[in-house]
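What follows is the residue order along each chain.
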Amino acid sequence: MINNLFLGIETSCDDTCISIFNNRYGVISEYVFTQLIHIKYGGTVPELASKDHLNKIFNIIFFVLKKKKINIFDIKIIAYTKGPGLKGSLFIGASVAKSLSLFLNIPAISINHLEAHILISFAFNKIKQLPALVLLISGANTILLKMFNYNNYIIIGETLDDGVGETFDKIARSINLIPPNGISIEKNMKYKFIYNNLNIGKTLKNINNFNFSFSGLKSEILRLQNKKNYIDKINLIYNFQNTIINIFIIKIRHLLTKDISIKSIILGGGVSANKELRLAFLNLSEEFNILLNYLPKKYCTDNATMIVFLGFIKIYNGYFDKNLEINIDSSLRLF
Ligand code: KG4
């Protein structure tokens with residue numbers, strides 16, 4: 001029997017995620033249930049998402065406990081997602097966390113989903129080379145920051161409009177690829193007879209600032225796609241993916257040239273699961289002789305292990321959330 005178990009609950013969007021973690025043994029048991037009810041609507045429907053979380057969350061908690069014969073009374077701390085995300089979905093996870101904490105008489109602490117996407121890197125990559133350049137690329141977020149230590153970051157650049165994951169999703173949907181969108185774009189990359197000749201997104205590679213903007217690129221792709229027979233869809237998405245990767249590499253290469261204090265690069269968020277993107281960053285890290293930290297693919301996308309791991313770090317650093325209120329913030333920022 002393992003003592004001192006932490007329970008993580010993540011319900012910020014359309015995945016119901018539960019994880020049980022111990023500081024000595026790591027992840028003990030976990031599960032991610034991806035809601036499929038949204039597929040026919042072409043995007044996540046918030047009301048359906050919260051209803052489905054409510055329908056499934058207790059079964060998933062008990063499944064995760066039962067899988068490893070864990071007694072619920074051995075849970076000592078609960079960590080749940082405070083935000084950002086869909087209000088109703090966050091509310092389900094937070095109220096379940098608070099109810100369980102009252103029932104078990106243990107603390108429930110709220111976690112910033114974005115910070116969890118970054119910090120999970122330290123659960124899998126033991127070598128910490130700081131300061132690190134962090135590229136957080138998820139559905140709604142694209143943030144470039146410099147991390148000096150836990151709780152000590154500065155934002156260097158952000159998206160000015162769409163998140164990079166959202167852009168992947170919209171392009172995938174517009175050419176009728178089935179979800180999960182980013183992954184389905186990547187799968188189509190296996191047909192590599194493609195020529196990369198579109199020269200799209202020319203204006204996006206401006207190295208004089210480190211912000212990003214993807215809405216123009218998205219419109220450009222959608223416009224090209226309307227010109228029937230002009231280009232086949234595979235060529236188009238190959239060019240799209242290449243452009244996105246190039247934007248990141250060009251800007252970050254420029255930054256690494258200017259800031260020689262950076263010792264490593266950390267990739268986090270769903271889009272960092274992309275194979276070609278990881279390869280491009282591997283080459284970049286070799287070029288500058290710095291460490292590249294990326295995650296097993298299942299920890300790039302939403303998961304409760306990152307929530308519970310950050311909960312553990314916070315407790316370790318003396319943080320306690322004694323508030324009994326249900327603490328959610330759908331538009332929570334990194335800091
Ligand atoms: O981190 P995440 O699960 O959600 C947020 O916290 O926002 O990221 C989801 C995003 C989706 O937009 C999805 O299309 C994208 O990550 N994604 C990918 C890949 N796998 C997931 N994008 C590109 N290539 C992939 N392999």
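Conventions we followed
Residues numbered from 1 in each chain as written. Predicted model: local features only at pLDDT ≥ 70, side-chain atom pairs only at ≥ 80, totals over all residues. Heavy atoms only, no water. Pairing = 2+ DSSP bridges. Helix = DSSP H or I, 4+ residues; strand = E, 2+ residues; numbered from the N terminus. Axes fitted to C-alpha atoms, helices over the stretch in contact; angles between N-to-C directions. Parallel < 35°, antiparallel > 145°, perpendicular 65-115°, else oblique. Left-handed = near helix turned anticlockwise from the far one by under 90°. Contact = heavy atoms within 4.5 Å. Polar contact = N/O pair within 3.5 Å; in protein donor to acceptor, adjacent residues only side chain to side chain. Nonpolar A, V, L, I, M, F, W, Y, C, P; charged D, E, K, R; others polar. Buried < 20%, exposed > 50% of the residue type's maximum accessible area, 1.4 Å probe, protein only. Salt bridge = Lys/Arg side-chain N within 4 Å of Asp/Glu carboxyl O.

**Here's the deal with the sheet that holds strand E2 (residues 15-22)**
With mixed pairing, the five strands of this open sheet are ordered in space as E3-E2-E1-E4-E5. Of all strands in the sheet, those bounded by a partner on one side alone are strand E3 (26-34) and strand E5 (108-112). Adjacent strand axes in the sheet meet at a mean angle of 20 degrees, parallel and antiparallel pairs treated alike. Two elements, strand E4 (residues 75-83) and E5, share five bridges in a ladder whose sense is parallel.

**A look at the packing of helix H8 (residues 233-258) against helix H9 (residues 275-288)**
Running from N to C, H8 and H9 point in directions that differ by 20 degrees, and their axes come no closer than 10 Å. Here H9 runs roughly parallel to H8, going by the angle between their axes. Here the hand of the crossing between H8 and H9 comes out right-handed. Here Gln241, Ile245, Phe248, Ile249, Ile252, Arg253, Leu256 and Thr257 of H8 lie close against H9, whose contacting residues are Glu276, Leu277, Ala280, Phe281, Leu284, Glu287 and Phe288.

**Details of the side chain of asparagine 112**
Inspection of the secondary structure puts asparagine 112 in strand E5. Only 3.3 Å separates the side chain of asparagine 112 from the backbone oxygen of leucine 334, close enough to count as a polar contact. Not counting the four nearest positions on each side in its chain, asparagine 112 is found in contact with Gly83, Pro84, Leu310, Leu332, Arg333 and Leu334.

**Let's talk about the packing of helix H5 (residues 164-174) against H8**
Between H5 and H8, the least distance of the axes is 11 Å, while the angle of their chain directions is 170 degrees. As the angle between them shows, H5 and H8 are arranged roughly antiparallel. Together, Val164, Thr167, Phe168 and Ile171 of H5 and Ile237, Phe240, Gln241, Ile244 and Phe248 of H8 make up the contact between the two elements. Its residues assigned to classes, the contact of H5 with H8 comprises seven nonpolar, two polar and no charged.

**Some details on the environment of asparagine 239**
Within the secondary structure, asparagine 239 sits in helix H8. The exposure class assigned to asparagine 239 is buried, which follows from its relative accessible area of 1%. Separated by 18 residues in the primary sequence, asparagine 239 and isoleucine 221 have C-alpha atoms spaced 9.2 Å apart.

**Focus on the pairing of strand E6 (residues 132-137)**
Among the six residues that make up E6, six are buried, leaving the element largely enclosed by the rest of the structure. Here E6 shows two buried faces, one formed by Ala132, Val134 and Leu136 and the other by Leu133, Leu135 and Ile137. Alignment of E6 against strand E7 (residues 142-149), held across six bridges, turns out to be antiparallel. What sits directly across from leucine 136, in E7, is isoleucine 143. Connecting E6 to the antiparallel partner E7 that follows it, the hairpin turn spans four residues. Note: E6 against strand E9 (residues 264-268), five bridges, orientation parallel. Looking across to E9, one finds that alanine 132 is bridged to serine 264.

**Quick notes on the pattern of salt bridges**
The full count for this structure, using the stated rule, is seven salt bridges. In this structure, the salt-bridge partner of aspartate 162 is lysine 218, at a minimum N-O distance of 2.8 Å. Here lysine 218 lies in helix H7 (residues 215-226) and aspartate 162 lies in the loop between strand E8 (152-158) and H5, a separation of 56 residues in the sequence. Judged by relative accessible area, lysine 218 falls into the buried class, the value being 14%. Look at the salt bridges and you will find they share partners, linking Asp162, Lys170 and Lys218 into a network.

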